Amino acid sequence: MSAAGESLARIGVVTVSDRASRGEYADLGGPAIAEYLKEVLSSPFEVIARVIPDERAGIAATLADLADRERCCLIVTTGGTGPAVRDVTPEATADVCSKMLPGFGEQMRAVSLTKVATAILSRQTAGIRGQSLIVNLPGQPRAIRECLDAVFPAIPYCIDLLEGPFLTTDESRLVAFRPKKK
Ligand SMILES: Nc1ncnc2c1ncn2[C@@H]1O[C@H](COP(=O)(O)OP(=O)(O)OP(=O)(O)O)[C@@H](O)[C@H]1O
Ligand SMILES: Nc1nc2c(c(=O)[nH]1)N[C@H]1C(S)=C(S)[C@@H](COP(=O)(O)O)O[C@H]1N2
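Residues numbered from 1 in each chain as written. Chains lettered and ligands numbered in written order. Predicted model: local features only at pLDDT ≥ 70, side-chain atom pairs only at ≥ 80, totals over all residues.

Participant: Teacher, can you tell me more about the nonpolar core here?
Facilitator: Nonpolar side chains tend toward joint burial in soluble globular proteins. Core analysis: the largest hydrophobic core is formed by 43 residues, its most contacted members being Leu63, Leu74 and Ile75. Every residue in contact with Ile75, bar those within four places of it in the chain, is listed here: Gly12, Val14, Leu63, Leu66, Ala67, Ser132 and Ile134. (Core = buried A, V, L, I, M, F, W, Y, C linked by C-beta atoms within 7 Å. Buried ≥ 20, exposed ≤ 12 C-beta atoms within 10 Å, placed from the backbone. Contact = placed C-beta atoms within 7 Å.)

Participant: Explain the site of ligand 1 here, please?
Facilitator: Residues in close proximity to ligand 1 total 17 residues, the closest being Ser17, Asp18, Arg19, Gly29 and Gly139. The element that contributes the greatest number of residues to the shell around ligand 1 is helix H1 (residues 18–21), accounting for three residues. Taken together, the residues that form the shell around ligand 1 break down as five nonpolar, eight polar and four charged. (Near = placed C-beta within 6 Å. Helix = DSSP H or I, 4+ residues; strand = E, 2+ residues; numbered from the N terminus. Nonpolar A, V, L, I, M, F, W, Y, C, P; charged D, E, K, R; others polar.)

Participant: Sorry if this is basic, but what is going on with the pairing of strand E6 (residues 132–137) here?
Facilitator: Taken residue by residue, a regular strand's side chains alternate between the two faces of the sheet. For E6, the buried fraction is high: six of the six residues fall into the buried class. Of the two faces of E6, the one carrying Ser132, Ile134 and Asn136 and the one carrying Leu133, Val135 and Leu137 are both buried. For strand E3 (residues 74–78) and E6, the ladder comprises five bridges, and the chain directions are parallel. The residue of E6 that forms the bridge with Ile75 is Ile134. Pairing analysis gives four bridges linking strand E5 (residues 126–129) to E6, with the strands arranged antiparallel. Each residue of the ladder has a partner; that of Arg129, found in E6, is Ser132. Following E5, the chain reverses through two residues before pairing antiparallel with E6; Gly130 in that reversal takes a positive phi of roughly 55 degrees. (Pairing = 2+ DSSP bridges.)

Participant: Can you walk me through the environment of Thr62 in this structure?
Facilitator: Of note, Thr62 is situated in helix H3 (residues 56–68). Expressed as a C-alpha distance, the spacing of Thr62 and Asp87, which sit 25 residues apart in the sequence, is 16 Å. Ignoring any residue separated from it by four or fewer positions in sequence, one finds Thr62 in contact with Val14, Arg50 and Ile52.

Participant: What am I meant to see in the sheet that holds strand E4 (residues 99–100) here?
Facilitator: Pairing between the strands of a sheet comes from backbone hydrogen bonds, and it takes one of two forms, parallel or antiparallel. With mixed pairing, the six strands of this open sheet are ordered in space as E2-E1-E3-E6-E5-E4. The strands lining the two open edges of the sheet, one partner per strand, are strand E2 (45–52) and E4. Pairing geometry for strand E1 (residues 9–16) and E3, over five bridges, is parallel. Considered in E3, the bridge of Val14 is made with Thr77.

Participant: Is there a simple way to think about unusual backbone geometry in this case?
Facilitator: Note: most residues except glycine have negative phi, and most peptide bonds are trans. Positive phi, close to 55 degrees, is recorded for Arg71, a residue that is not glycine. The topology assignment puts Arg71 in the loop between H3 and E3. One non-glycine residue, Glu163, lies in the positive phi region at around 60 degrees. Along the polypeptide, Glu163 turns up in the segment after helix H7 (155–161).

Structure, rendered in structure tokens:
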């Protein structure tokens, strides 16, 4: 609990990139996700960040650890969603989830396609493991904001349904959608 009595949300940020994990280039994706969360969320949260190679078993183990041991209510990945041989983030996500939420990928691709024709190449998806929502984003750092803006309005309510922390947003930046209670 924070000083204000609100529970501190833990959010996992996973960069899946062979080259960033080897230090061949600086990871711009993970910090861009953390920056986005700082801009949009008005409730307290902390980020638990990982940078890992495009290995299916390692990605699955990282996602499971962030969900089960680190108790992250939300885990956002970047990279490894495309058609290349080593792009296996959606498969690793499905490996550890009990339910998939295909609407997230559909919505992110629909919005991204208005910006870039190659958005069709991303197989990005989302799913639930225990009380964690896992959302995939493409590796291009510039895709992060476009994709998160497309789906973030639904994320706080999804986390409510998983009985996680009550996330609030800076409404001058992004309005979260919660159906009215009857
Ligand atoms: N985390 C990152 N930080 C900075 N740039 C990135 C990152 N991930 C990807 N990129 C950039 O976006 C491009 C496309 O991303 P993609 O995930 O397809 O990379 P890749 O070619 O599979 O290589 P790698 O897995 O080594 O990042 C990369 O070639 C790189 O220029
Ligand atoms: N919004 C957005 N979506 C995007 C892109 C982008 O630049 N912006 N890049 C596309 C490209 S070029 C690829 S190959 C796929 C998969 O990228 P990944 O393998 O880095 O996850 O995401 C696509 N989706």
